[in-house]
Amino acid sequence: MEVKNKNGFLAFLKKFVHHKAALAALIIFLLEVLCILILPAVLDLDPNTSDYLAMAKGPSAAHILGTDEIGRDLFARILYGGRVSMFVGVCATLMSVSIGVPLGVIAGYYQGKVGAIIMRICEMFMAFPSMILTLVLITVLEPSAGTVIFAIGIMGWTRHCKLLYGSVMAARSKEYVEAAIAIGTSSPKIIAKYILPNAISPLWVSLAFSISNAIISESSLSFLGAGIKAPQASWGNIIYAAQKLDVLTSKPWMWVPAALVLLVTVVSINLVGEGIRDAFDPKMRR
Amino acid sequence: MVKKMIGKLLFAVVILFALTFFVFSLSNMVKGNALDVILSDEISMSQETYDALLHEMGLDQPIPVRYWNWLTAFVHGDMGMSSKYNVPVADMIRQRIGPTLLLTFTAMILAVCISVPLGVMSAYKPYSIWDNLSSALAFVSSSMPGFILCLFAIYIFAVRLGWFPTQGMYSANQAHTLGDLIHHLVLPVLIAGLQLVGSLLKQTRSAVLEVMNEDYIKTARSKGLAERAVLVGHALRNALIPIVTTISLSVPFLVGGSVVIEQIFSWPGMGSLIISSINDRDYNVIMAAAVVICVVVLLTNIAMDFIYLLIDPRLSKEN
């Protein structure tokens, strides 16, 4: 299924809209993005100023989601944290795609020794616990949004590489590709014109899951204190407060809203991913 | 077949060298930075002092030599000293590795025991209640960040209901009994296991579903075998290969997830050791723990490869 083709895209949309849960998830997700982008400016929210009169206080008129241990407004921090988490999720995915897709295409198209080497490197990365290496890498590079994106991106390219390897290899064996080779079309041209349009669709499906995975990784790292560092807000480092038992048990406003927002985000992105998958290929349903 | 195994082992050795070199380069970067920090403090350092310092830190030798020295020392159990606690890193790791293995292997067994039967059932009767249950479980498992699951589980089952302890491996000031250990193990193992269930369920279902259309299943049925025998003896048996692959692929994922779980439950394992060392900037411990964890994961993968041979008659009878 080709997205370039307008009719194809419409047909895709029609099928996607049929998946009610995915449609609802998409709407929720878009609303959330809208809130994150617009609300801080509209409501003039400040995530970094401490309100010394209200430290670690529950929800009130002045702070609708309460404040954290040093009096920062949690509603503002969740919105700003959302910007960071989404940004990291998208950028890390872009990075892993821009490593994994070319490598997967090369491996699938040329196969032979080059392909074997690339796939071996891929296996090598998959044999490592990426969480551990990400932690070590970020610690050495000093934690920041940039290093978190880099570490998640560099550990996450294997899934795209494997996916494209398989689909490119399947497209490579088609007769029209053989014909193109036979009449002397250059390899880059064959890849761009005949292989990619027929091999890229699994990538659209895995993009959504890749973004939600990156968001989970980022928030886990920040939760462990090895990701985005305060004062910069992220959902993970807001929930970090819950590592103290008294916050976990008796100050739920300090972590439950951020946890729920993170959960809603991940679930809705995954549902959209399932919707895209079903729209592409109803056979793959579930 | 023997050739295949040797190839796998050689590849594991290559991975091991790549991994250790990677970690070594990272720790080297840190050491280099440390020297830079010292230098920036004392700008007027003489050349001799600088050289002496370089020599003392072992930074005056070429990188391959340093790497080899570090690796041989590491293999002999000399992993350096912890800068925070001033004890050998090897001792710290020896204490921590047992709890991590206990947690991860119990979780693995639990995940297999849940997802293989459920996956087989949902492939056997697609769109039945089993199938719906398993797809719901798979979705929860892939959409729930581990640390959130931990926090909610502690809040509900440990704090509100008081069924389980909130943290640790044994109760304080009590004899270490097996019952106490199991009591502490339940929540972390359930969460670690649930994180695996998703991919394992999906894989089992699709593997069995694929096999169910094969001719030998029809043959088995037409010769009058009971459904149970068809399902377990023929369908599952042939679907085992992709299932075992998924299990072995998810070991690294399980170990990574257990870092978060150990940290939240104060489980005295390798993961919480890494996190506390990161907070203390105790680099020798971080590096050694990372290498040891990766080696354990690698060994597990090799063991899985041997299991392939046991379960796949086509492979073992090739030679």
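Rules used throughout
- Residues numbered from 1 in each chain as written.
- Chains lettered and ligands numbered in written order.
- Predicted model: local features only at pLDDT ≥ 70, side-chain atom pairs only at ≥ 80, totals over all residues.
- Heavy atoms only, no water.
- Domains from an automatic or database assignment.
- Contact = heavy atoms within 4.5 Å.
- Buried area = accessible area lost by both parts, 1.4 Å probe.
- Salt bridge = Lys/Arg side-chain N within 4 Å of Asp/Glu carboxyl O.
- Polar contact = N/O pair within 3.5 Å; in protein donor to acceptor, adjacent residues only side chain to side chain.
- Phe/Tyr/Trp six-rings, centres within 6.5 Å; stacked < 30°, edge-to-face > 60°.
- Helix = DSSP H or I, 4+ residues; strand = E, 2+ residues; numbered from the N terminus.
- Buried < 20%, exposed > 50% of the residue type's maximum accessible area, 1.4 Å probe, protein only.
- Lys NZ or Arg CZ within 6 Å of the ring centre and 35° of its normal.
- Nonpolar A, V, L, I, M, F, W, Y, C, P; charged D, E, K, R; others polar.
- pLDDT = per-residue confidence, 0-100.

Enquirer: Would you explain the domain arrangement of chain B in this entry?
Expert: The accessible area lost on association of the parts is a frequent measure of interface size. Residues and elements named next belong to chain B. Under the domain assignment, chain B is made up of domain 1 (2-75) and domain 2 (89-317). Of note, the centres of domain 1 and domain 2, computed from C-alpha atoms alone, are 35 Å apart. On the side of domain 2, 13 residues touch domain 1, which itself brings 15 residues to the contact. Carbon and sulfur atoms supply 92% of the area buried between domain 1 and domain 2, which totals about 1,200 Å² over both sides. The interface formed by domain 1 and domain 2 includes zero salt bridges. The interface formed by domain 1 and domain 2 includes zero residue pairs in polar contact (both at pLDDT 80 or more).

Enquirer: Explanation requested: the packing of aromatic side chains in the structure shown.
Expert: Each aromatic ring pair is described using two quantities: the centre-to-centre distance and the angle formed by the ring planes. Per the stated rule, a full pass over the model turns up twelve aromatic pairs over all chains. Ring centres 5.4 Å apart and planes at 45° place the aromatic pair A:Trp255 and B:Phe152 in the tilted group. Residue A:Trp255 is found in the loop between helix H11 (245-250) and helix H12 (256-280), and its partner B:Phe152 is found in helix H6 (residues 146-160); the two belong to separate chains. Assigned by exposure class, A:Trp255 and B:Phe152 land together as buried. Here the aromatic cluster, defined as three or more aromatic residues joined through ring pairs, consists of B:Phe21, B:Phe24, B:Tyr67, B:Trp70 and B:Phe74. Here A:Arg120 stacks its cationic end above the ring of B:Phe11, 4.3 Å away from the centre of that ring.

Enquirer: Would you explain the interface of chain A and chain B in this entry?
Expert: Contact with chain A, which involves 40 residues of that partner, is made by 48 residues of chain B. Together chain A and chain B conceal approximately 4,100 Å² of surface at their shared face, both sides included; 79% is due to carbon and sulfur atoms. Where chain A touches chain B, the interface holds one salt bridge. Between A:Glu142 and B:Arg281 there is a salt bridge; the shortest N-O distance is 3.3 Å. Going through the elements one at a time, helix H4 (112-127), helix H5 (130-141), helix H9 (201-223), H11 and H12 of chain A are the ones with two or more residues in the side of chain A that touches chain B. Of the residues assigned to the side of chain A that touches chain B, the class counts are 29 nonpolar, six polar and five charged.

Enquirer: What is the right way to look at the confidence of the model for chain B in this model?
Expert: Detailed reading of predicted coordinates is not advised where the pLDDT is low. Across chain B, pLDDT averages 82, with 92% of residues at or above 70. For this predicted complex, the interface confidence score (ipTM) comes to 0.81, while the overall pTM stands at 0.86.

Enquirer: Mind showing me how you'd approach the confidence of the model for chain A here?
Expert: Looking at chain A, the pLDDT average stands at 84 and 94% of residues meet or exceed 70. When mean pLDDT is compared element by element in chain A, helix H3 (residues 74-110) of chain A scores highest at 91, while helix H1 (residues 6-18) of chain A scores lowest at 76.

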